[in-house]
Amino acid sequence: MKIIEVNEEFKEDWNRVLNHIANLFFEDSKIVVNARDAELSFRFQHSIDENNKIHTSCEMLANGQSYSSNYSIQYDTVGTEKEQAIRMKRALSHVMLDVLEQYTGMIQTWGILTGVRPTKLYHKYRKQGYSEEEIYAVLKKDYRISDSKISLMREIVERQLITIPDLDEIGKEISVYIGVPFCPTKCAYCTFPAYAIQSNRKSGRVDSFIDGLHIEIRAMGKWLKENNINITSVYWGGGTPTSIEAEEMDALYKTMFESFPNPENIREITVEAGRPDTITPEKIAVLKKWGIDRISVNPQSYTDETLKAIGRHHTVQETIDKFWLSRNSGMNNINMDLIIGLPNEGIEEFQHSLDESAKMQPESLTVHTLSFKRASEMTHNKDKYKVADRETVTKMMDMASDWTRENGYVPYYLYRQKNILGNLENVGYCKPGEESIYNIVIMEEVQTILGIGCGASTKFVNPDTGKITQFHNPKDPAAYIMTFEEAIEKKINMLNELYN
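Cut-offs applied
Residues numbered from 1 in each chain as written. Predicted model: local features only at pLDDT ≥ 70, side-chain atom pairs only at ≥ 80, totals over all residues. Heavy atoms only, no water. Helix = DSSP H or I, 4+ residues; strand = E, 2+ residues; numbered from the N terminus. Buried < 20%, exposed > 50% of the residue type's maximum accessible area, 1.4 Å probe, protein only. Areas by Shrake-Rupley, 256 points an atom, 1.4 Å probe, with all protein chains shown as cover. Polar contact = N/O pair within 3.5 Å; in protein donor to acceptor, adjacent residues only side chain to side chain. Pairing = 2+ DSSP bridges. Right-handed = clockwise from strand over helix to strand, strands pointing away. Core = buried A, V, L, I, M, F, W, Y, C linked by side-chain atoms within 4.5 Å. Domains from an automatic or database assignment. Contact = heavy atoms within 4.5 Å. Buried area = accessible area lost by both parts, 1.4 Å probe. Salt bridge = Lys/Arg side-chain N within 4 Å of Asp/Glu carboxyl O. Nonpolar A, V, L, I, M, F, W, Y, C, P; charged D, E, K, R; others polar. Expected span 1.5 Å × (residues − 1). Arc of directions from axis to C-beta. Phe/Tyr/Trp six-rings, centres within 6.5 Å; stacked < 30°, edge-to-face > 60°. Lys NZ or Arg CZ within 6 Å of the ring centre and 35° of its normal.

- An unreviewed UniProt entry lists the protein chain under the name Oxygen-independent coproporphyrinogen-3 oxidase, with Ureibacillus xyleni given as the organism.

Focus on the overall build of the protein chain
Thinking step 1. A tally of helices and strands in the protein chain yields 16 helices and 18 strands.
Thinking step 2. Once the C-alpha set of the protein chain is aligned to its principal axes, its extents read approximately 70 × 55 × 45 Å.
Thinking step 3. Taken across its 500 residues, the protein chain has 55% of its residues classed as buried.
Thinking step 4. Surface accessibility of the protein chain: about 22,000 Å² in total, with carbon and sulfur atoms responsible for 47%.

Some details on the environment of Asn227
Thinking step 1. The residue Asn227 is located in the loop between α7 (205–226) and β9 (231–238) in this model.
Thinking step 2. Given the relative accessible area of 34%, Asn227 is considered partly exposed.
Thinking step 3. Placed 272 residues apart in sequence, Asn227 and Tyr499 show a C-alpha to C-alpha distance of 8.7 Å.
Thinking step 4. Polar contacts involving the side chain of Asn227 include one to the main-chain carbonyl oxygen of Trp223, which spans 2.8 Å.

Remarks on the pairing of β9
Thinking step 1. Buried residues dominate β9, accounting for eight of its eight residues.
Thinking step 2. Note that strand β6 (residues 174–180) and β9 share six bridges and pair parallel. Among the inter-strand pairings, Ile174 is bridged to a residue of β9, identified as Ile231.
Thinking step 3. Bridge analysis of β9 against strand β10 (residues 268–271) gives four bridges, and the strand direction is parallel. Paired with Ser233 across the two strands is Glu268, which belongs to β10.
Thinking step 4. In this view, the connection linking β9 to its parallel neighbour β10 by way of helix α8 (residues 246–259) has right-handed handedness.

Some points on the nonpolar core
Thinking step 1. Membership of the largest hydrophobic core comes to 126 residues, with the highest contact counts inside it found for Phe42, Phe44, Ile178, Leu213, Val234, Trp236 and Phe260.
Thinking step 2. No other element matches the nine residues that helix α2 (residues 81–104) contributes to this core.
Thinking step 3. Both domain 1 (1–107) and domain 2 (174–494) contribute no fewer than three residues apiece to this core.
Thinking step 4. Once residues within four sequence positions are removed from consideration, Leu213 is found in contact with Ile178, Val180, Trp236, Leu252, Ile452, Gly453 and Tyr480.

Notes on the domain arrangement of the protein chain
Thinking step 1. Segmentation of the protein chain into domains returns domain 1 (1–107) and domain 2 (174–494).
Thinking step 2. Domain 1 and domain 2 are separated by 37 Å when their C-alpha centres are compared.
Thinking step 3. Listed per partner, the contact involves five residues of domain 1 and four residues of domain 2.
Thinking step 4. If you sort the residues of domain 1 by the area they bury against domain 2, Leu24, Glu27 and Met106 come out on top, with a joint share of 72%.
Thinking step 5. At the junction of domain 1 and domain 2, the tally comes to zero salt bridges.
Thinking step 6. For the pair domain 1 and domain 2, the interface holds zero residue pairs in polar contact (both at pLDDT 80 or more).
Thinking step 7. Each residue belonging to the side of domain 1 that touches domain 2 can be placed in one class, and the counts come to three nonpolar, one polar and one charged.

Digging into helix α14 (residues 390–406)
Thinking step 1. With 17 residues, α14 should cover 24 Å at 1.5 Å per step; its first-to-last C-alpha distance of 24 Å lies within 8% of that length.
Thinking step 2. Buried residues of α14: Val393, Met396, Met397, Met399, Ala400, Trp403 and Thr404, and no others. One face of α14 carries all of its buried residues, which in axial projection span an arc of 155 degrees. In α14, the exposed positions that point more than 90 degrees away from the buried face belong to Glu391, Arg405 and Glu406.
Thinking step 3. In this structure, the buried residues of α14 make contact with β12 (333–340), α12 (347–360), β13 (364–369) and β15 (426–430).

Side note on the packing of aromatic side chains
Thinking step 1. With the rule as written, the count across this model stands at 18 aromatic pairs.
Thinking step 2. On the numbers, 6.4 Å between centres and 50 degrees between planes, the contact of Phe25 with Phe26 is tilted.
Thinking step 3. What makes Phe25 buried here is its relative accessible area of 9%.
Thinking step 4. For the ring pair Phe42 and Phe44, a centre distance of 5.7 Å and an interplane angle of 10 degrees mean the geometry is stacked. Note on accessibility: Phe42 and Phe44 belong to one class, buried.
Thinking step 5. Members of the aromatic cluster, joined through ring pairs, are Phe10, Trp14, Phe42 and Phe44.
Thinking step 6. The aromatic ring of Tyr75 is capped on one face by Arg87, whose charged end is 4.0 Å from the ring centroid.

See the structure below:
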């Protein structure tokens, strides 16, 4: 724990922002006022002059050395009280980042950005009429983002606009997420709703959950039909939705196609079949029956020892076999995931994973950087899981970028997470034309995502103002079974309010 002293008592949300900046450099930090045992001491000054110009400065004392930074930015409008607070927090982050970079010699390629969706910022300036050159200047000067990351953002935004030409108007439609909360086992890094299917099968919760899911799909589909709202994309996630039996999948897809409005106009349906140990010829036959050919077959790693360490009870060979089973059965749009920085993996192991991916050439490859999520088993037992250092994971990300380019893939979406190794990112790559519409719309928050099922979050996006409201279904199957009817009523009320 790095103790950081500051010269004034900031508001809680200001403290949180400064803490995020400090944690880019140190694994954990705590900001306090007037601490005798502080290792770093910050003296901030901040003001807004009569011309609506913000001024901030920072002096940091560490080990008898002084580091300083000054930053000013002019705004055309006074802004609301909330907008002024956001502007000031950003300006304070700017000078704090600067002095910490001076002190540590560590350059943060994402600058002061600590949020999940960097490309959403690029879209914001694009929609305000900024040119590419103007967007670059703002991201460089005011957010301290590196040239390489700005270039990545620009390439992704361009690709998204090719994939969804009506991206700026797509808020008139919605997308749907359907959560099935069961897996064969739970992975050590996972915080998604994922419950061992066999024990829940014995207790009757799987059958009860599926009964409730049919009812929820019908109820939400009825509202969408009555209000003449089209669906852009549907994503079956979880958990692993292919954990249930083939006949259970078949019945659910039948309910979906009968209940949803204009199913022939749905642009994309994805089924997350991420655990290879859940894929069978019978389940693939069900997917083909309903015209669904976008699935995931996720290796995460091509090293058996790693899979065992993170709790994935399948082998590398099973991943390879299930990929080819899917491909030879007519699955024409397969995504595969790799995770950078898994326990005991370095350059050699990641290169092996890339070499194996090259043999299969999936339509899309999502490259995740390991994140220590607060509720995961891996976070609770960090000593048990030795992971790569910052320099190594950065090299791995560069390897992934080079490999995808050499193999004809393009980046089309990215997101970031707190406590992500190396302060890096997760990037979705694909062969041109194979982009996931759902991944784009959920990351850019351009339309409402209606959550159905266990652990599903509904994100209501006002199509006129962009204001976001959320509603969460219970994560636990037992709680979902008890409350799904109440959740249906609440979501319908919120939809009525949003769409009048």
